[in-house]
Amino acid sequence: MRYRDLGKTGLKVSEIGFGTIPILSGNVPVLPEYFSPDLDEAVEIMMHAYRMGCNLYDTAIPEEYGDAEYKLGVFAEKVGRENLIISDKARFMDGNDMFREVLRSAETLGTKPDIYFVHQVDEKNEDEVFSRYGALDALCDLKKAGMIRYTGIATHYYSICRRAALDERVDVIQTSGNILERGIMDRISENNNIFADKGIILNKVYAAGCLLNVFTPSELIGGTLHWPFSSALIGIGTREQADAALAEYPPCDFTFEQVSERIAEHYRPIKCTRCQRCICPRGHEIHLLLRQYNYFHLGKRYWAMKKMRMNIDEVYESCRSCTDMACMNECPQKLMIPEMIGLIYDMTR
Ligand code: SF4
Ligand code: SF4
């Protein structure tokens, strides 16, 4: 296992971290394909990963990750708390709520988390999170009180990664990316002067598992290693998955074209990198719809169709009457966005 610096925290984290969604049990709407191991089995899987050199374990509160936080706490005690770095998160934007949740997490874990993230910060809630007495201020207070060691922002938006990078209260940023949806990490790499002091934790390397239908773990992990992240999280629910995720893969340099060509052996992908440069004045988040199109064809059919149907009618009508099509001005892929929206609209009929 190779290790990387977690920004300026002084911590060295394993290049691959353990995502705990697949070891959870319970009825929580995270991902449909989890394995529900019992406590002993879950601890054994985490121990197996530890023996392979993994030292970063990422979890979230019970409403989001079921009993994964509790199972991780049991494992931490067994392996020796000082040997692990625990990152935890909760989706609360208000400072008081966040303060309470961190204390509850410490109780569930039976130990203090090392890094705590405000989870799923987006463009609607970011001002509350970053405002005075928002969730980020609460994390700073908890850090001063010794309840956590480092603060974090977890987001799927480049603009929020950037805002977090420029905010001295933030120690670690968690965001998503893979060899297909590479836009955020490419932009972080291009602006590494802004991000250099922050730890970066990457998730969605397998794109919720669906890229495994086309690529091997070696390709998916090796293809991300050139990015300046500290640790890439892989969801692990079996010993075999641990073996596949934690093998020491060499970096490989897939171009976006090569990735698209390989996917095109299965269906014709929309060549969107999710860089999020397509700003729509009417507020439509185009990259989400384009992602759902790709996820549908990569095997997440039910989930993607449900998501697309949520707002495709509204977006389609908007695009039909749009004259300036401002979203296309900055698209590096030169995608004909209204045409793509039409394609998705037809698909959902
Ligand atoms: S075509 Fe117009 S309405 Fe449609 S996403 Fe682009 S800017 Fe927005
Ligand atoms: S449509 Fe273009 S600008 Fe928008 S996220 Fe995709 S690649 Fe980026």
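Residues numbered from 1 in each chain as written. Chains lettered and ligands numbered in written order. Predicted model: local features only at pLDDT ≥ 70, side-chain atom pairs only at ≥ 80, totals over all residues. Heavy atoms only, no water.

(A) Layout of the domain arrangement of the chain. Assigned domains within the chain: domain 1 (3-256) and domain 2 (269-347). Buried surface at the junction of domain 1 and domain 2, both sides included, amounts to about 1,500 Å², of which 51% is carbon and sulfur. The salt bridge partner of glutamate 190 is arginine 277, with a shortest N-O separation of 3.5 Å. Where domain 1 touches domain 2, the interface holds 11 residue pairs in polar contact (both at pLDDT 80 or more). Its residues assigned to classes, the side of domain 1 that touches domain 2 comprises 10 nonpolar, three polar and seven charged. (Domains from an automatic or database assignment. Buried area = accessible area lost by both parts, 1.4 Å probe. Salt bridge = Lys/Arg side-chain N within 4 Å of Asp/Glu carboxyl O. Polar contact = N/O pair within 3.5 Å; in protein donor to acceptor, adjacent residues only side chain to side chain. Nonpolar A, V, L, I, M, F, W, Y, C, P; charged D, E, K, R; others polar.)

(B) Structural view of the packing of helix α14 (residues 301-320) against helix α15 (residues 337-347). Packing of α14 against α15 leaves a shortest axis separation of 9 Å and a crossing angle of 130°. Taken together, the axes of α14 and α15 lie oblique to each other. Note that α14 runs across α15; the crossing there is left-handed. Taken together, the residues of α15 that come into contact with α14 (itself represented by Met305, Met308, Ile312, Asp313, Val315, Tyr316 and Cys319) are Pro338, Ile341, Gly342, Ile344, Tyr345 and Met347. (Axes fitted to C-alpha atoms, helices over the stretch in contact; angles between N-to-C directions. Helix = DSSP H or I, 4+ residues; strand = E, 2+ residues; numbered from the N terminus. Parallel < 35°, antiparallel > 145°, perpendicular 65-115°, else oblique. Left-handed = near helix turned anticlockwise from the far one by under 90°. Contact = heavy atoms within 4.5 Å.)

(C) Main features of the packing of helix α13 (residues 286-297) against α15. Put simply, α13 and α15 touch, their axes get as near as 11 Å, and they point 50° apart. The angle between α13 and α15 falls in the class oblique. Where α13 crosses over α15, the handedness of that crossing is left-handed. Here Ile286, Leu289, Leu290, Tyr293, Phe296 and His297 of α13 lie close against α15, whose contacting residues are Ile337, Met340, Ile341, Leu343, Ile344 and Met347. When grouped by side-chain class, the residues that make up the contact of α13 with α15 number 11 nonpolar, one polar and no charged.

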